[in-house]
Amino acid sequence: MTLPEHVSVFVVGAGFGGLAAAIQLDESGARDFLVVDRGDEVGGTWRDNTYPGATCDVPSQLYSFSFALNPDWSRSFSPQPEIQAYLRRIAETSGVLDRFRFGVSLTGAVWDEDLKLWQLETTAGCLTAEVLVAAGGALSEPKSPAIDGLADFAGAVFHSARWNHEYDLAGKRIAVIGTGASAIQIVPEIAKTAERVDVYQRTAPWVLPRRDRPISRAERFAFRHVPGAQRLARGLIYWGREATAPIFTLQPSLGRVAQRAAIKNISRSITDPAQRSRVTPNFVLGCKRVLISNDWYRALARDNVELITDGIARVTANSIVTGDGLSHEVDAIVIATGFQPTEMPLAQHIVGKDGASLSARWAEHGMQAYKGATVAGFPNLFFIVGPNTGLGHSSMVLMIESQVAYLVDAVKTMRRSGLASVEVEPARLGAFNDRLQRRMKRTVWSRGGCQSWYLDDHGRNVTLWPRSTFTFRAVTARFDIAAYRCTPRVPTGQAGTSVRAGYRPR
Ligand code: N01
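Position numbers for residues start from 1 in each chain and track the written sequence from start to end. Per-residue local features are limited, in this predicted model, to residues with pLDDT of at least 70; the limit for side-chain atom pairs, both in listing and counting, is 80 or more; totals at the level of whole chains, interfaces and linings are taken over all residues. For the side-chain quantities, the full set of heavy atoms in the structure was used; hydrogens and water were omitted.

Asks: Explain the overall build of the protein to me, using residue names and the numbers behind them.
Replies: The secondary structure listing takes helices from DSSP runs of H or I that are at least 4 residues long and strands from runs of E that are at least 2 residues long, numbered from the N terminus. Helix and strand counts for the protein stand at 15 helices and 20 strands. In terms of C-alpha radius of gyration, the protein reaches 24 Å, essentially the compact-globule figure of 23 Å for 506 residues. For the protein, the spread of C-alpha atoms along the three principal axes comes to 80 × 55 × 45 Å. Each residue gets one of three labels from its accessible area relative to the maximum for its type: buried under 20%, exposed over 50%, partly exposed in between, using a 1.4 Å probe on protein chains only. Looking at the protein as a whole, 54% of its 506 residues are labelled buried. Only heavy atoms matter for contacts: two residues are in contact if any of them lie within 4.5 Å across the pair. Nonlocal contacts in the protein, meaning residues at least 24 apart in sequence, comprise 73% of its contacts between residues at least 6 apart. Considering the protein, the positive charge centre built from 58 side chains and the negative charge centre built from 48 side chains are found 9 Å apart. The globule rule used here is 2.2 Å times the number of residues to the 0.38 power, and the radius of gyration it is set against is calculated over C-alpha atoms. Neither His nor the chain ends contribute to the count of charged residues, in which Lys and Arg are positive and Asp and Glu negative. By convention, charge coordinates are those of NZ in Lys, CZ in Arg, CG in Asp, or CD in Glu.

Next up, the structure:
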């Protein structure tokens, strides 16, 4: 596969973020872009997470692009294959796929201050780009636990995000490590056919009932044929979700009603008081991601499922040994321990104008960006799903669209104003993050009494947005050029120009 020598915009990642960026750039007239992805098709996390029971825990109506609603969702919470099929269909019908290259990874990106370009190195060759967009997603790098002996286990071991479909779990003794969003979907499914499932819980999660139902044919007909019907349904769900934002961002005690519903959810399925107490969390609802399920507790109550809360001491060739000294023999281990959202893996490959990598820059103070989008010292670099753009209460697709709007407006502004580079002022970046972190102190993620993957090693929440989605939309609606140091483009061939030979601005 050959790559062009130069593109205006280079996007890394072909999930929801990269796809939305491509479609919106194309729509805006900025058609000279390239999207690369290490996978073999679009979808990102929805392409990679194919574990049994994988289902979105955000309502379907909110889990699609606002510019490409899907009237055909079959249920109120969509299963993974439907989301993946939706993304595939949007990619195919949008006319942008000719600028996607699959099976290609970015291995290096160095800002060339003289040429005002990114010098890019990929597994398919080198090229330059004016603008680099990191849309690799926050949940793309599986995190494996550091457990003694895990590498020596003789049976099958795989992460929930890299499911081994060749391995038949029926009739086997399976260990599942973790009780997060992935595990609570996996366990009820595999317990149906496994001989035994041992669930290793370090911290009990809050789990609310999932109000799931099929979407009727009449509703689907209305969504397709009645103008505004689906927008209305989406709007109602959107505002219903937005009304819960203060539980997370302002006043955790507002979550008491939901917490009571979660406790009822436990007592409905589990009768044993000791087991009830082991699955009841010891932190405020919302501090970790609130999970939804109708079959998690029922699965834990099954005869062939055991909840193990003694920590894992080590793994041997055929068993897991817990802190109490007991050895639990298993045939396979499913690692459902999540991802590495507080360290953007791409950051180690991106080198800014002072020669330091983005990961080195962030190592000191933790991940941070201006409006989740840009970093001082890294001109013309934009993130989709950047630092502090995640949510506890609604759909990431809303946040992705806001970030894409900011990117597209930046690209348009650069073109209109003849700018070679834009770099956020360090003071603006600092002030933005100081405000954001001050606000973070009020949130349930800081006050709820838990240790979550939202926090980095410094204890700072670098993943979530501590306000409403509409505030984020307002914050990112326009590329605010006043916050940036701008360098005008020098026309090719003009005296004093530093533009590289053969480079033609597009
Ligand atoms: O990962 P997690 P996930 N030894 O980090 C435990 C999204 N998602 O893959 O709580 C033993 O939530 C850890 O324990 P603790 C969603 O945003 C969305 O389940 O840290 N256990 C926890 O129980 C979600 O939040 C959907 O004490 C260890 C679990 O592993 C995110 O992905 C579906 C351990 C990890 O839970 C991640 O979810 C699925 C160790 N060393 C996922 N290390 C949708 O439906 C960690 N754990 C949209």
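This is not the end of the story, as more comes after the structure.
Asks: Account for the site of the ligand, with residues named and values stated.
Replies: Being near a molecule or strand, for a residue, means having at least one of its heavy atoms within 4 Å of it. The local shell around the ligand holds 23 residues, among which Thr 55, Asp 57, Ser 182, Thr 203 and Lys 288 are the closest. Taking Lys 288, its side chain carries an N or O atom lying 2.6 Å from an oxygen atom of the ligand. Within the backbone of Ala 336, one N or O atom sits 3.3 Å away from an oxygen atom of the ligand. A 1.4 Å probe and the Shrake-Rupley method give the accessible areas. Residues count as covered only by the protein chains that appear here. Here the ligand loses 85% of its free accessible area of 900 Å² to cover by the protein chains. In this classification, the charged set is Asp, Glu, Lys and Arg, the nonpolar set is Ala, Val, Leu, Ile, Met, Phe, Trp, Tyr, Cys and Pro, and all remaining amino acids, among them Gly, are polar. Per-class residue counts for the shell around the ligand are 10 nonpolar, 9 polar and 4 charged. Whenever a nitrogen or oxygen atom comes within 3.5 Å of another N or O atom, the pair is scored as a polar contact, on the condition that within protein one atom can donate a hydrogen and the other can accept it, and that pairs from neighbouring residues in sequence are kept only if both atoms are in side chains.

Asks: How would you sum up the sheet that holds strand S14 (residues 319-322)? Please name residues and give values.
Replies: Across the sheet, 3 strands lie side by side as S13-S14-S15; this open sheet has antiparallel pairing. Of all strands in the sheet, those with a lone pairing partner are strand S13 (312-315) and strand S15 (327-329), marking the two edges. Averaged over all adjacent pairs, the angle separating strand axes in this sheet is 25 degrees, with direction ignored. One bridge is not enough; two strands pair if DSSP finds at least two bridges between them. Where S14 lies against S15, 3 bridges are found, and the strand directions are antiparallel. Within S15, the residue paired with Ser 319 across the bridge is Glu 329. Note on method: axes are straight lines fitted to C-alpha atoms, helices fitted across the in-contact stretch only, with angles between N-to-C directions ranging 0 to 180 degrees.

Asks: Requested: an account of a positive patch on the surface, with residues and values cited.
Replies: By definition, no residue in a patch forms a salt bridge, and every one has over 30% relative accessible area; like charges are joined within 9 Å, nonpolar side chains (Val, Leu, Ile, Met, Phe, Trp, Tyr) within 5 Å. Salt bridges, as used here, are contacts in which a Lys or Arg side-chain nitrogen is within 4 Å of a carboxyl oxygen on Asp or Glu. On the surface, a cluster of positive charge is made up of Arg 428, Arg 435, Arg 438, Lys 441, Arg 442, Arg 447 and Arg 467. When residues of the positive patch are assigned to their parent elements, the largest contribution, 3 residues, is made by helix H13 (residues 426-440). Turning to its location among the elements, Arg 467 is positioned in the loop between helix H14 (444-447) and helix H15 (469-476).

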